[in-house]
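Survey of secondary and tertiary structure
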Amino acid sequence: MFGIRAGKAFDGDKVVPGGALVLVEDGRISAVASASAPAPDHCDILEVPDGTILPGLVDAHVHLCADGTDGTLDRIGEPSPDGLMDVIEQSLRLHLAAGVTTVRDLGDRRFAVLEWRSSSRSRGVYPSVVAAGPPITSPGGHCANMGGEATGTEQLLAAVRERAERGVDVVKIMASGGFATAGTQVMLCQFTLDEVRAVVGEAHAAGLPVTAHAHGLPAVHMAMEAGVDGIEHCSFLTDRGLSQSAQDLARLAEAAIAVCPTVGFVGTLRPPPNAAATLAKTGLTFEQMIQARKRSVAEMHAAGVRVVSGSDGGIGASKPHGLLPVSAAFLVDAGVRTVAALASATALAAAACGLGDRRGRLRAGYDADLLVVDGDPVADIAALTRPVAVFAAGRRAA
Ligand SMILES: [Zn+2]
């Protein structure tokens, strides 16, 4: 058994007044006591009086097979199988170093992430991986080179069944084209409503949630109509810019759909050619689009939509692995309260990943996925970028 005593604490949805003493045994949190509580006999305690303890962060949208360089999604099929395993491990190490103890991979190359997860290589100290396998997409569609092309209801149902058999945790479908794939139409749907409905029905019958990548307004509407559990990006994009109505937000909130806006970036965001072309069509500058996204996520949050944190980490130099603290800061910058932004990066994201009963909270019985940061992220969200110690299932990251 060991413990961590921190001057401040955030439990996944609220501040714990006065900090906390968190005790860990066999990879689980055995108790969360007041910071002034005496330590049990023979129990090592990490003392962090000027720090904050919180649940390890959960990044609900990453691409572990992508190496964080520009153009990596175009080259995703290039590494050898062994090379791909190395990329996956390096991606995970970067997440862990940033305090991320659970990731949801939504863009596997074939089933490399699932293969890594079931191999002996995954026994080290890594974040837990929730996996979708290759996103289901149309022939030549968004991220088709990941290996998830399917057309027509029969193939779509077979694709869901294959993923279920291989042990995925969630099914991802590309409802619209994407910025990163040349030749795809971001504003248009890649499938019919009946097809997406069939995918959702088959996945739910297998006990799997479905999350849909959707930029264009028609794809967002189609995803809602089809009964998906989550929407990635959810950009409400039209030729005239973002078109996010109060009615649509109410519908997202009512259906409790987890929206992962994949915001936040570092350095200079260099839009891939397809993104630049799409932007030009809307008449917005890049800066205007970023401001529009800020208003969008703030309105979503205010409307009661379940906004969960995800970074799209790995897809480019401005979207590296380990970006999640920056994604959370983007929410705060947009006007979301820090406590709500922290919840979206912990308890809410864990729930969206299907792990709400064991991760994302400081609570006895939960997995000891813990992050200790220097300072107080509730007062200043930037403290989230200063990890002091990270534990994955009770094991300290090097
Ligand atoms: Zn993505």
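Report on the accompanying structure. All figures in this text were calculated on a predicted structure; none of them were measured in a lab.

Some details on the coordination of the zinc ion
The reference angle at a metal is 109.5 degrees if four donors form a tetrahedron and 90 or 180 degrees if six donors form an octahedron. Binding of the zinc ion to the protein goes through H61 (NE2), H63 (NE2) and D312 (OD), at separations of 2.0 to 2.2 Å. Along the chain, the residues donating to the zinc ion fall in the pattern H-x1-H-x248-D. Here H61 is found in strand β6 (residues 57-62), whereas its partner D312 is found in the loop between β14 (306-307) and α9 (324-334), with 251 residues between them in sequence.

Remarks on the sheet that holds β6
In a beta sheet, neighbouring strands pair by backbone hydrogen bonds and run either parallel or antiparallel. What the three strands build is an open sheet, ordered β6-β7-β8; its pairing is parallel. Of all strands in the sheet, those bounded by a partner on one side alone are β6 and β8 (128-131). The sheet shows a mean angle of 20° between the axes of neighbouring strands, direction not considered. Here β6 runs beside strand β7 (residues 100-105); their pairing, made up of four bridges, is parallel. The residue bridging V62 from the neighbouring strand is D105, located in β7. This element, helix α1 (residues 81-97), spans β6, β7 and β8 of the sheet and lies at about 135° to β7.

A short note on the pairing of strand β5 (residues 44-55)
With seven bridges connecting them, strand β1 (residues 2-10) and β5 associate as parallel partners. Residue pairing for β5: F2 is matched across the bridge by D44. In this structure, β5 lies alongside strand β15 (residues 370-374), joined through five bridges in antiparallel fashion. Counterpart to T52 in the pairing with β15 is V373.

Quick look at the pairing of strand β11 (residues 230-238)
Counting buried residues in β11 gives nine out of nine residues, a clear majority hidden from the surface. Examined bridge by bridge, strand β10 (residues 210-216) and β11 share five bridges and lie parallel to one another. Bridging from a neighbouring strand, H213 pairs with E232 of β11. Traced from β10 through helix α5 (residues 217-226) to β11, the parallel crossover comes out right-handed.

Let's talk about the packing of aromatic side chains
To describe a pair of aromatic rings, one takes the distance between the centres and the angle between the planes. What the rule picks out here adds up to two aromatic pairs. Measuring from centroid to centroid gives 5.2 Å for W116 and Y126, while their planes differ by 80°, and the two rings are edge-to-face. Of this pair, W116 sits in helix α2 (residues 112-118) while Y126 is found in the loop between α2 and β8, placing the two residues ten residues apart along the sequence. According to the relative accessible area criterion, W116 is buried, its value standing at 2%. Judged by its relative accessible area of 15%, Y126 is buried. Cation over ring: K294 sits above F330, and NZ or CZ is 5.3 Å from the ring centre.

Things to note about the pattern of salt bridges
As enumerated under the stated definition, the model contains 18 salt bridges in all. Between E89 and R121 there is a salt bridge, with its nearest N and O atoms 2.7 Å apart. Note that E89 is positioned in helix α1 and R121 in the loop between α2 and β8, a separation of 32 residues in sequence. Between K294 and D333 there is a salt bridge, and its shortest N-O distance comes to 2.8 Å. With K294 in helix α8 (residues 286-302) and D333 in helix α9, this residue pair connects regions lying 39 residues apart in the sequence. You can call D333 exposed: its relative accessible area is 54%. Through salt bridges that share partners, R28, R358, R359, D367 and D369 make up one connected network.

Comments concerning the side chain of R293
By the secondary structure assignment, R293 is in helix α8. For the buried R293, which has no salt bridge, the nearest side chain bearing the opposite charge is D312, at an N-O separation of 8.5 Å. A polar contact of 3.0 Å, which involves the side chain of R293, links it to the backbone oxygen of H233. Of the polar contacts made by the side chain of R293, one reaches the backbone oxygen of P261; its length is 2.6 Å. Beyond its immediate chain neighbours, meaning those up to four positions away, R293 contacts H233, C234, S235, L242, P261, V263 and F330.

What counts and what doesn't
Residues numbered from 1 in each chain as written. Predicted model: local features only at pLDDT ≥ 70, side-chain atom pairs only at ≥ 80, totals over all residues. Heavy atoms only, no water. Donors = N, O, S within 2.8 Å, 3.2 Å for Na, K, Ca; no water. Helix = DSSP H or I, 4+ residues; strand = E, 2+ residues; numbered from the N terminus. Pairing = 2+ DSSP bridges. Axes fitted to C-alpha atoms, helices over the stretch in contact; angles between N-to-C directions. Contact = heavy atoms within 4.5 Å. Buried < 20%, exposed > 50% of the residue type's maximum accessible area, 1.4 Å probe, protein only. Right-handed = clockwise from strand over helix to strand, strands pointing away. Phe/Tyr/Trp six-rings, centres within 6.5 Å; stacked < 30°, edge-to-face > 60°. Lys NZ or Arg CZ within 6 Å of the ring centre and 35° of its normal. Salt bridge = Lys/Arg side-chain N within 4 Å of Asp/Glu carboxyl O. Lys, Arg positive; Asp, Glu negative; His and termini not counted. Polar contact = N/O pair within 3.5 Å; in protein donor to acceptor, adjacent residues only side chain to side chain.

None of the figures reported here should be taken as evidence of function without further support.
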